[in-house]
Amino acid sequence: MSKRSSSKQIIINNEEANIIRHFHKIPPRAGRYIVLDTETTGLNLNDHVVELGAHEIINGRLTGAQFHIYIRPRIKMSDEVIGIHGITNEFYDDYYKDIYSNDKQNLINFLKWVGNSLIFAHNADFDLSALNVELKNWGINELPLKKFRCSMKMFKVVVGRIEHNFYDKYVSLEKCCEYFGLKSNNSCYHNASFDAFMTARMVCKLYELIDNDIRFRNFKQEIKYNPILKNYNFNVV
């Protein structure tokens, strides 16, 4: 006679299951994280990075340490793309061709700076894909998905726990920052260093909310000590 599985099942709706699933993936506040943003030559699979900006967070606070580079465009950018980030096809040659040693070394230096730290990015799938296109072009090992955490998903999981209208939609970086009352100049968005900075500020606010709001303390305790939620086997409805 076969033994019945010891894992219990609970009936839970899709939204709550996703919140718990993604809440498990949020790394602890204590630690070093890099917050990244990229600007690219476009949105297609062959498009690549033309600007990379990143800021360092340690234990939920910005340290002031940052990394920033431009990369020479290898394909012609459209007027529409240039209108988004303001980087022209001639920008690199006009200002940076004699500044950097070479683009490959800059990327190697960036990866050394990141080290073993996890990387946050807003809509991280896009930045990971664009960055890996760039790394592959230079013969550098691509980064795995597990290296990244998405600040937009984190926002939707954390704030969506309080205000459910946020959960099932794309939430721009501007909207996330507005929610926390973070001051910014809207004309500065789509600059990689500025966007990474604002993303880092928003991530720090999310950690503050998780640590200080009684609703999240209770939720974390419930997940930690309830064996059904800690090792869930959900029937999703």
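Here is a short report on the structure shown in this document. (Residues numbered from 1 in each chain as written. Predicted model: local features only at pLDDT ≥ 70, side-chain atom pairs only at ≥ 80, totals over all residues. Heavy atoms only, no water.)

**Examining the environment of alanine 124**
Here is step 1: Residue placement: alanine 124 occurs in helix H5 (residues 124–137).
Here is step 2: By relative accessible area, which is 6% here, alanine 124 ends up buried.
Here is step 3: Counting along the chain gives 26 residues from alanine 124 to cysteine 150, while the straight-line C-alpha distance between them is 4.8 Å. (Helix = DSSP H or I, 4+ residues; strand = E, 2+ residues; numbered from the N terminus. Buried < 20%, exposed > 50% of the residue type's maximum accessible area, 1.4 Å probe, protein only.)

**With respect to the environment of tryptophan 138**
Here is step 1: Residue position: tryptophan 138 is located in the loop between H5 and strand S6 (148–150).
Here is step 2: Spatially, the C-alpha atoms of tryptophan 138 and aspartate 103 are 8.5 Å apart, while their sequence positions differ by 35 residues.

**Topic: helix H8 (residues 192–212)**
Here is step 1: Taking 1.5 Å per residue, 21 residues should reach 30 Å; H8 reaches 30 Å between its end C-alpha atoms and fits that length.
Here is step 2: When you tally the buried positions in H8, you get 15 out of 21 residues, the bulk of the element. (Expected span 1.5 Å × (residues − 1).)

**Here's the deal with the packing of aromatic side chains**
Here is step 1: Using the criterion set out here, one finds 14 aromatic pairs in the structure.
Here is step 2: Joined through ring pairs, the aromatic side chains of Tyr70, Phe91, Tyr92, Tyr95, Tyr96 and Tyr100 make up one cluster. (Phe/Tyr/Trp six-rings, centres within 6.5 Å; stacked < 30°, edge-to-face > 60°.)

**Overview of the packing of helix H4 (residues 103–114) against H5**
Helices that pack against each other are described as a pair by the angle of their axes relative to one another and the distance between those axes.
Here is step 1: Direction vectors running N to C along H4 and H5 enclose 125°, while the axes themselves pass 10 Å from each other. The pairing of H4 with H5 is recorded here as oblique in orientation. As for the relative orientation of H4 and H5, their crossing is left-handed in sense. Two secondary-structure elements touch here, H4 through Leu107, Phe110 and Leu111 and H5 through Leu131, Glu134 and Leu135.
Here is step 2: A breakdown of the residues in the contact of H4 with H5 according to their chemical character gives five nonpolar, no polar and one charged. (Axes fitted to C-alpha atoms, helices over the stretch in contact; angles between N-to-C directions. Parallel < 35°, antiparallel > 145°, perpendicular 65-115°, else oblique. Left-handed = near helix turned anticlockwise from the far one by under 90°. Contact = heavy atoms within 4.5 Å. Nonpolar A, V, L, I, M, F, W, Y, C, P; charged D, E, K, R; others polar.)

**Observations regarding the sheet that holds S6**
Here is step 1: In spatial order, the strands read S4-S3-S2-S5-S6; together these five strands make up an open sheet with mixed pairing. With one partner strand each, in any of the chains shown, strand S4 (61–70) and S6 form the two edges of the open sheet. The average undirected angle you get between the axes of adjacent strands in this sheet is 25°.
Here is step 2: Sheet analysis places strand S3 (residues 49–58) next to S4, joined by seven bridges and oriented antiparallel. By the bridge assignment for S4, isoleucine 57 is matched with leucine 62. (Pairing = 2+ DSSP bridges.)

All quantities given are derived from atomic positions and should not be read as evidence of function.
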